[in-house]
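Summary of structural features
Okay, here's what each chain looks like letter by letter:
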Amino acid sequence: MEATLEQHLDDTMKNPAIVGVLCTDAQGHNLGCRGSLSDEHGGVVSVLAKQAASLTKDPTDSPTVCLESDSGNVLVRTHGTITVAVHKIVS
């Protein structure tokens, strides 16, 4: 699985609009990262996804968190037990 995740991270970074990607487990432990997102962001990304999920009444719903700035956006979403963050630059 680790090799597959690493390949997905590499493939994601091939998109010129993406400058960072991070995957964490439910505890915020880093499963893999590239670019502008690093190990130090894992806990924050995990907590953001959990807090967003607590705002919905449907326990099967997985909301996407979008942090916007002038230079780019960070999108955070949980897929099963893995939380993914993608840092995109504004085009």
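Heads up: the structure comes first, above all this text.
In short, a report on the structure. Predicted, not measured: the structure shown is a model, and the values here were computed from it.

Criteria and cut-off values
- Residues numbered from 1 in each chain as written.
- Predicted model: local features only at pLDDT ≥ 70, side-chain atom pairs only at ≥ 80, totals over all residues.
- Heavy atoms only, no water.
- Helix = DSSP H or I, 4+ residues; strand = E, 2+ residues; numbered from the N terminus.
- Expected span 1.5 Å × (residues − 1).
- Buried < 20%, exposed > 50% of the residue type's maximum accessible area, 1.4 Å probe, protein only.
- Arc of directions from axis to C-beta.
- Contact = heavy atoms within 4.5 Å.
- Pairing = 2+ DSSP bridges.
- Axes fitted to C-alpha atoms, helices over the stretch in contact; angles between N-to-C directions.

Time to look at helix 2 (residues 42-54). Between its first and last C-alpha atoms helix 2 spans 19 Å; for 13 residues at 1.5 Å apiece the expected length is 18 Å, and the two agree. Residues of helix 2 that are buried include every one of G42, V45, S46, A49 and A52, and no others. In a view along the axis of helix 2, the buried residues occupy a sector of 130°, so they form one face of it. Within helix 2, the exposed residues directed more than 90 degrees away from the buried face are V44, Q51 and S54. In the core, the buried residues of helix 2 are packed alongside strand 1 (18-24), strand 3 (65-68), strand 4 (72-79) and strand 5 (82-89).

A separate point is the sheet that holds strand 4. Strand order in the open sheet formed by five strands is 2-1-5-4-3, and the pairing between neighbours is antiparallel. With one partner strand each, in any of the chains shown, strand 2 (30-35) and strand 3 form the two edges of the open sheet. The sheet shows a mean angle of 10° between the axes of neighbouring strands, taken without regard to direction. Pairing between strand 4 and strand 5: eight bridges, direction antiparallel. Within the sheet, the bridge partner assigned to R77 lies in strand 5 and is V84. Each of strand 1 and strand 2 touches helix 1 (residues 2-13); the most contacted strand, strand 2, lies at about 25° to it. The sheet contacts of helix 2 involve strand 1, strand 3, strand 4 and strand 5, and relative to strand 1 the element is tilted by about 75°.

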